[in-house]
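Examination of the molecular architecture
Chain by chain, the residues run as shown.
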Amino acid sequence: MELDFGPAVRDFREELRDWLADHLVGEFAEHRGVGGPTDGAAWEVRLAWDRELSAGGWLGVGWPREYGGRGLGLLEEIVFEYEYARANAPYRATGNALDLLGPMLLKVGGEEQKKRFLPPILAVEELWGQGFSEPGAGSDLASVRTRAERDGEAWVVSGQKVWTSFGMHADWLYVLARTDPDSVRHMGLTMLLLPTDQPGVEIRPIRNLAGQDEFAEVFLSDARTDAGMVVGEVGQGWRTAMATLGIERGTTLLPQQLTFEREAESLIELARERGALDDPMLRRRIVDAWISVRVMRTTNLRTLAELTAGRTPGAQATTAKLYASTRHQRLGHLVQELAGPAGQIVGADYGLDTRQRSFLLSLAETIYGGSSEIQRNIIGEQILGLPKEPRP
Amino acid sequence: MDLTFSQEQDELRTVVRSFLAKYSDEAAVRRLSADPRGHDAVVWRRMAGELGLQGLAVPEEYGGSGFGYVELGVVFEEAGRALLCEPYFATVALAAETLLRCADDQARADLLPGIASGATIATLALTEDSGRWDEPGIHLTARHTAGGWRLTGAKTFVPDGLLADLLLVAARTPGGISLFAVGADAAGLTRTFLPTLDQTRKQARLEFADTPARLIGAEGTAWPVLERTLATASVLLAAEQVGGAAAALDAAVDYARIRVQYGRPIGSFQGIKHKCADMLMELESARSAAYAGLWALDAGDDTETALAAALAQAFCSEAFTKVAGDSIQVHGGIGFTWEHPAHLYFKRAKSSEVLLGTPSYHRQLLAARLGI
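Residues numbered from 1 in each chain as written. Chains lettered and ligands numbered in written order. Predicted model: local features only at pLDDT ≥ 70, side-chain atom pairs only at ≥ 80, totals over all residues. Heavy atoms only, no water.

Some details on the overall build of chain A
Each helix and strand counted, chain A has 12 helices and 8 strands in total. Taken against the 2.2 N^0.38 rule, which gives 21 Å for 392 residues, the C-alpha radius of gyration of chain A at 22 Å falls within 12% of a compact globule. Out of the 392 residues in chain A, the part that is buried amounts to 55%. At a minimum sequence separation of 6, the contacts of chain A that also span at least 24 residues come to 70%. Side-chain charges in chain A split into 43 positive and 56 negative, and the spacing between the mean points of these groups amounts to 6 Å. (Helix = DSSP H or I, 4+ residues; strand = E, 2+ residues; numbered from the N terminus. Rg over C-alpha atoms; globule rule 2.2 N^0.38 Å. Buried < 20%, exposed > 50% of the residue type's maximum accessible area, 1.4 Å probe, protein only. Contact = heavy atoms within 4.5 Å. Lys, Arg positive; Asp, Glu negative; His and termini not counted. Charge placed at Lys NZ, Arg CZ, Asp CG, Glu CD.)

Here it is, written out as structure tokens:
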């Protein structure tokens, strides 16, 4: 995948390429391509790499200068993600704050909040976890039951959150809580910023099916945070949360795309090694896997082109996740089949190779960020205009 | 990055769509489908005269407008949406593209202006009884005589072969594969209408008995020209398939919104809603596959075009068939009737699937081009 972003960003691109060539070396280079949105592998190395990026001024390329960013535009952000993915640099450990919390604060946060929280994100001094899902609020996020009450100049928060990615590392959480006890569903929810270093916060890792302690459950028992830690308005937390989920900058598409393309190439190599290309049935599936990755690429390019042209992305931006997640799983199954019995053997302590890890972690892709079933509801109702399911 | 449509391209789409909504509505499609020579000469002339559609991508020196493939793709997409029955694909995607690629300036100067003006309906006669779209499938022979070239043999499954004024014929000659132009009134030419499952796109069988023909380009050099033409036509057919799938999905969604069962619109049930969502995912993915081909064509990148074209046919053929089939399913019993237009799209999808080679064939082309 070779993209020409035009002369306007040529200097920026050259500077970035040079910097990556100089700094993605040694231990960092040994961890090329390591990590992912649900993959906590080599956490400490990746954190050190994030600090290296920070020192070079490469975190927050599109964030305003006053908060420590570079103050550049969407095109530069896209170029950054493209070159970053092309260099196959480690997946950023601070991804959650950079991709979700930061943009949310930039969009609806107060000035004090921005000044207080954004610079430490870019300096990799504070890590963040998301406190949205609950045991009883998964796809149906609006049925959040964690409650927050005012006690003088503080909010007191109690409840249970779950599936907080890299929660064990979080210094702060952004929590969706019910502040109006009589409210139902979307009303009466508030977005709160909450420090984890206090007695009322207990974070326990959850082991995922790949054997990694990557996500966590969070128990809040009269946990406290200052009254000023509300993002947006009290009672408008749903809107704030949706603003976060609605931030589709398109910049997250490229790293995933290049990963999938590398996997498709590696699949063809594996097939060649195994002599599988002589099997017409397998050959067909290999071609289909290649086709699906190419289709994802063009779909992403269409969205990026619309975003950089200042247009609202078309329907493909909404169907892209459903397509990519399901086809990536299909690719993983094929890799496993080609790997044969040897693909079933793992290392000590359930040590997985890249193919095994990517295959197992791909099972999360049709669940997180809105499951495939929720995606189909969104496509059906918001894009096609089909009627909602009547509430019982 | 210019991988998005410009305002002018959006306007072209609007103009073509409203033109076709008027002149290729369901009544017109059904009327022309029922007639072996079904084609509306008035509409054909308007397409050329008012909108310049036949000459859209023909260079200005040959009477066209010199636009690119993205513009042409927009027109094919809209033609697919409207199930246009005019011989547009045969004339523009097959014949004009062949002439544009051949190394014969004189043939271009002689033949393209007629196509661009709407005076000439043309087609490419390549397939024979085997139905193959590759070089070994060509057996019809041409021999050189004192009076010029003569063709003997048969071509079949020729799109709009009965209507065409100009036939471009691929034939075997001592030097390899050569291309010939034959007029509809040539001696020794017999044309037979082939009734088709999909009545919106006509086919004919052409028999040549010592038929005089004009050699286009140098003898024995036509296959690379035809290969590139077929890649281009594959991309344009993919755009047409995208348009057809979009119309089939629109119909399904419109119906799911108003059809009430169990006291609610059926589109509120996830069984239907999720099916429609999957149809949109197929459609948007097919759009990506087709557009990638259009961009590669406009970039003038033959290698990338060859890959993108095979991919587009493998993908869009199946996507159109899937969406058109699911549209019948969403419509239920009414979708199974002759009177409802759902089957027109489904049948167009099935005929398009094999028009330039099956999806399996295009996967093989793709695999070969990828070296796997």
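Section: the overall build of chain B
For chain B, the helix and strand inventory stands at 11 helices and 9 strands. The C-alpha atoms of chain B give 21 Å as radius of gyration, which agrees with the globular expectation for 372 residues (21 Å, within 12%). Viewed in the frame of its principal axes, chain B has a C-alpha envelope of about 80 × 45 × 40 Å. Here chain B holds 372 residues, and 60% of them are scored as buried. In chain B, once contacts between residues fewer than 6 apart in sequence are set aside, the share between residues at least 24 apart is 75%. For chain B, the exposed surface amounts to about 13600 Å²; the carbon and sulfur share of it is 54%. Looking at charge distribution, chain B has the averaged site of its 34 positive side-chain charges lying 6 Å from that of its 45 negative ones. (Areas by Shrake-Rupley, 256 points an atom, 1.4 Å probe, with all protein chains shown as cover.)

Structural notes on the confidence of the model for chain B
The predicted model of chain B averages 97 in pLDDT, with 99% of residues at 70 or higher. In the predicted assembly, ipTM is 0.95 and pTM is 0.95. (pLDDT = per-residue confidence, 0-100.)

Here's the deal with a negative patch on the surface
Residues and elements named next belong to chain A. Judged by side-chain charge, Asp11, Glu14, Asp18 and Asp22 come together as a negatively charged surface patch. Mapped onto the fold, aspartate 11 is located in helix 1 (residues 10–23). Taking the relative accessible area as the measure of exposure, aspartate 11 reaches 66% and is therefore exposed. (Patch = residues over 30% accessible without salt bridge, like charges linked within 9 Å, V, L, I, M, F, W, Y side chains within 5 Å. Salt bridge = Lys/Arg side-chain N within 4 Å of Asp/Glu carboxyl O.)

Topic: the packing of aromatic side chains
Residues and elements named next belong to chain A. The full count for this structure, using the stated rule, is 22 aromatic pairs over all chains. Seen in terms of ring centroids, tryptophan 19 and tryptophan 58 are 6.2 Å apart; in terms of plane orientation they differ by 55 degrees. Their pairing is tilted. With a gap of 39 residues between them, tryptophan 19 in helix 1 and tryptophan 58 in the loop between helix 3 (43–55) and helix 4 (74–86) connect regions that are remote in the sequence. For the pair phenylalanine 132 and tyrosine 174, a centre-to-centre distance of 5.5 Å together with 85 degrees between the ring planes defines the contact as edge-to-face. Of the two residues, phenylalanine 132 is situated in the loop between strand 1 (128–131) and strand 2 (147–151) and tyrosine 174 in strand 4 (residues 172–178); the sequence distance between them amounts to 42 residues. Relative accessible area serves as the criterion here: at 0%, tyrosine 174 is assigned to the buried category. One aromatic cluster is present, formed by Phe12, Trp19, Phe28, Trp49, Trp58, Phe80 and Tyr84 through successive ring pairs. Directly above the ring of tryptophan 58 sits arginine 70, whose terminal nitrogen or CZ lies 3.8 Å from the centroid. One Lys or Arg, arginine 150, reaches over the ring of tryptophan 155 and ends 5.4 Å from the middle of that ring. (Phe/Tyr/Trp six-rings, centres within 6.5 Å; stacked < 30°, edge-to-face > 60°. Lys NZ or Arg CZ within 6 Å of the ring centre and 35° of its normal.)

Some words on unusual backbone geometry
Excluding glycine, most residues fall at negative phi; most peptide bonds, likewise, are trans. The phi dihedral of Trp163(A) falls on the positive side, at around 60 degrees, and the residue is not glycine. You can see Trp163(A) is positioned in strand 3 (residues 154–165). Residue class for Trp163(A) comes out partly exposed when judged on its relative accessible area of 48%. For Asp210(B), which is not a glycine, the phi torsion comes out positive at approximately 55 degrees.

Focus on the pattern of salt bridges
The full count for this structure, using the stated rule, is 54 salt bridges over all chains. Linking Arg147(A) and Glu149(A) is a salt bridge whose minimum nitrogen-to-oxygen distance equals 3.9 Å. Classification of Arg147(A) as partly exposed rests on a relative accessible area of 47%. Each of Arg302(A), Arg13(B), Arg17(B), Glu77(B), Glu78(B), Arg81(B), Asp250(B), Glu284(B) and Arg287(B) takes part in a single network of salt bridges with overlapping partners.

Description of the nonpolar core
Where a protein is soluble and globular, its nonpolar side chains tend to be buried together. With 222 residues, the main nonpolar core has Leu193(A), Tyr88(B) and Leu151(B) as its most contacted residues. With residues up to four places along the chain from it excluded, the contact list for Leu151(B) reads Leu140(B), Thr141(B), Ala142(B), Val169(B), Ala171(B), Phe180(B), Val182(B), Phe208(B), Ala209(B), Asp210(B), Thr211(B) and Ala213(B). Of all hydrophobic cores here, the second largest spans 14 residues; its members include Val175(A), Val201(A), Leu220(A) and Ala223(A). (Core = buried A, V, L, I, M, F, W, Y, C linked by side-chain atoms within 4.5 Å.)

Quick word on the interface of chain B and chain A
Contact with chain B, which involves 46 residues of that partner, is made by 44 residues of chain A. For the pair chain B and chain A, the summed buried area comes to about 3800 Å², and 65% of that belongs to carbon and sulfur atoms. At the boundary of chain B and chain A, one finds 9 salt bridges. Across the pair Asp288(A) and Arg363(B) runs a salt bridge whose closest N-O atoms are separated by 2.6 Å. Viewed at the interface, chain A and chain B are joined by 18 residue pairs in polar contact (both at pLDDT 80 or more). At the level of elements, helix 1 (7–23), helix 7 (222–258), strand 9 (264–265), helix 8 (270–298), helix 9 (302–331) and helix 11 (359–370) of chain B are the ones that each hand at least two residues to the side of chain B that touches chain A. (Buried area = accessible area lost by both parts, 1.4 Å probe. Polar contact = N/O pair within 3.5 Å; in protein donor to acceptor, adjacent residues only side chain to side chain.)

Focus on helix 5 (residues 88–101) of chain B
Between the first and last C-alpha of helix 5 of chain B there are 18 Å, a value that for 14 residues agrees with the 20 Å anticipated at 1.5 Å per step. With respect to burial, helix 5 of chain B is a largely interior element, 13 of its 14 residues being buried. (Expected span 1.5 Å × (residues − 1).)

Points about the domain arrangement of chain B
Residue and element names in this part refer to chain B. According to the domain assignment, chain B consists of domain 1 (7–120), domain 2 (123–220) and domain 3 (223–370). Between the C-alpha centres of domain 1 and domain 2 the distance comes to 22 Å. Both faces considered, domain 1 and domain 2 share a buried interface measuring about 2000 Å² in area, 67% of it formed by carbon and sulfur atoms. When the buried area of domain 1 at its contact with domain 2 is split by residue, Pro36, Arg37 and Leu94 rank highest and sum to 24% of it. Counting across the domain 1 and domain 2 interface gives 1 salt bridge. We note a salt bridge from arginine 214 to aspartate 110, for which the minimum N-O separation is 2.9 Å. For the interface between domain 1 and domain 2, the tally reads 5 residue pairs in polar contact (both at pLDDT 80 or more). Listed by contribution, the elements that provide at least two residues to the side of domain 1 that touches domain 2 are helix 2 (26–33), helix 5 and helix 6 (105–117). Sort the elements by how many residues they give to the side of domain 1 that touches domain 2 and helix 5 lands first, with 6 residues. Its residues placed into classes, the side of domain 1 that touches domain 2 shows 16 nonpolar, 6 polar and 4 charged. (Domains from an automatic or database assignment. Nonpolar A, V, L, I, M, F, W, Y, C, P; charged D, E, K, R; others polar.)

What about the domain arrangement of chain A?
A common way to state how big an interface is: give the accessible area lost once the parts meet. Residue and element names in this part refer to chain A. Domain annotation for chain A reports domain 1 (7–93), domain 2 (128–235) and domain 3 (253–383). Put simply, the middle of domain 1 and the middle of domain 2, counted by C-alpha atoms, are 29 Å apart. Taken residue by residue, the interface counts 7 residues in domain 1 and 6 residues in domain 2. Summing both partners gives a buried area of about 470 Å² for domain 1 against domain 2, and 57% of it is carried by carbon and sulfur. At the junction of domain 1 with domain 2, the criterion picks out 0 salt bridges. Here domain 1 and domain 2 share 2 residue pairs in polar contact (both at pLDDT 80 or more) between them. Broken down by class, the residue content of the side of domain 1 that touches domain 2 amounts to 3 nonpolar, 3 polar and 1 charged.

Brief notes about helix 2 of chain B
All names here are of chain B. Where helix 2 is concerned, the buried positions are Ala28, Val29, Leu32 and Ser33. The buried residues of helix 2 occupy one face: seen down the axis, they fall within an arc of 130 degrees. Summarising the contacts, the buried residues of helix 2 are in contact with helix 1 and helix 10 (342–355). (Arc of directions from axis to C-beta.)

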